[in-house]
Amino acid sequence: MEEPLIERMRVYGETIFAEMTRLAMETGSVNLGQGFPDTDGPRSLLEGASRRVLEGVNQYPPGPGRPELRQAVSRYRARHYGIELDPDSEVYITVGATAGIAAAMLALVERGDEVIVFEPMYDSYAAMITLAGGVRRSVTLRPDAVSGRFTFDPEELRAAVGPRTRMVLVNSPHNPTGTVFTPDELEEIARVCREHDLIAFTDEVYEFLTFDGRPHVPLATLPGMRERTVSVSSVGKMFAVTGWKTGWVMGPEPLVSAVRTVNQFLTFSANGALQLAVADAIDGEWEWVAAQRAALQGKRDRLASGLAAAGFEVNVSEGTYFVMADIRPLGFGSGLDVARALPAGAGVAAVPAQVFYDHQEEGAHLLRFAFCKRDEVLDEAVSRLTAWHGRGA
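Residues numbered from 1 in each chain as written. Predicted model: local features only at pLDDT ≥ 70, side-chain atom pairs only at ≥ 80, totals over all residues. Heavy atoms only, no water.

Looking at an unreviewed UniProt entry, the protein chain carries the name Pyridoxal phosphate-dependent aminotransferase, with the source organism given as Streptomonospora nanhaiensis. Per UniProt, the protein chain carries the Cofactor (unreviewed entry) text "pyridoxal 5'-phosphate". (UniProt positions renumbered as here; feature names shortened; annotations may be inferred.)

And the structure:
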């Protein structure tokens, strides 16, 4: 029998996250590969979900999502960013941000349309653009020589636009580099969208995980962008419950309606009991969110200093769960080889950054480490990496 998978998806096999997690489990490694916390979210959130399940909220919720959650999302976007959303037509609940991304690409990208993405990129972007029949045009983020933070060349962004360009996909705070786009960088993106009448899709799942006082600025707040921007966020990173898979798509009614039309045939609806618990937390747990942000900033510093002491060159992370580390000071050139060797050799798992690039040579020397773990776990990972380096790797 011929390969049953459609041709355009054959390049997507086992994800690097699954491979690294498998290697970590086989070797008993400290897993700093996949980005999920090893502690739970606020107690009120967990108890609220349990209570709602026991109260009988166990059947299909409305397809667009529980009105309580749509209203809570609308309130926090207005409160934090001044973005006014109609909860009935401009907020739509999905099975995590990933489902929102999938539905948006399938709803808004025609076969042959081009989508500009910033690489390195979260792996689902590439897969879903491909599944929609779209074509990626990658603009590379590179470390600034002075600051060490990843940024893009505005000329490369403008050069990526062609006659078939349909959309610019923006992830800020950015996974995996940790960059939080500045207002000036966002204005460069907005200018391209306005001049070429492009849709902007923004992935803002790390919106409340920014460090050192940096603000998250939604692209939709810039002049001329509210009517052309569809955004996605979720509870997973906001409240450290990544397994809950509850997200929301936001934007002008025509764009959200298009996403809703597709998603009703993908997942239809998301867990209603969780939606109610999330709505309560969005309205009442902002002190917890602030404490989580402060704790993660400390963990970032803890891991970054440990990696530097172990011989890595560590790039600046302004947000998210991740730091990027350069392996070249250790005498290596292939991050993929090092990542596959680390579990058995050092007892630590990381992710090779090159898998997040279309131009893989750009990230061949980088590893991504997750710092959203307990301090003792981070310390153990650093201790193992230091010993591994001391043995001559």
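Now that the structure has been shown, we can carry on.
A.B. asks: It is not clear to me how the overall build of the protein chain should be interpreted in this structure. Could you clarify?
C.D. replies: A tally of helices and strands in the protein chain yields 13 helices and 15 strands. By the compact-globule yardstick of 21 Å for 393 residues, the protein chain fits well, its C-alpha radius of gyration being 21 Å. With the C-alpha coordinates aligned to their principal axes, the bounding extent of the protein chain is approximately 60 × 55 × 55 Å. If you take every contact in the protein chain between residues at least 6 apart in sequence, the share linking residues at least 24 apart comes to 76%. Per element, the accessible surface of the protein chain, about 15800 Å² overall, is 51% carbon and sulfur. (Helix = DSSP H or I, 4+ residues; strand = E, 2+ residues; numbered from the N terminus. Rg over C-alpha atoms; globule rule 2.2 N^0.38 Å. Contact = heavy atoms within 4.5 Å. Areas by Shrake-Rupley, 256 points an atom, 1.4 Å probe, with all protein chains shown as cover.)

A.B. asks: Where do I start with the side chain of H216 in this structure?
C.D. replies: Among the structural elements, H216 can be located in the loop between β8 (199-203) and β9 (229-234). A relative accessible area of 9% means that H216 is categorised as buried. Side chain to side chain, H216 and E204 meet in a polar contact 2.8 Å long. With residues up to four places along the chain from it excluded, the contact list for H216 reads Y81, S172, P173, E204, E207 and T210. (Buried < 20%, exposed > 50% of the residue type's maximum accessible area, 1.4 Å probe, protein only. Polar contact = N/O pair within 3.5 Å; in protein donor to acceptor, adjacent residues only side chain to side chain.)

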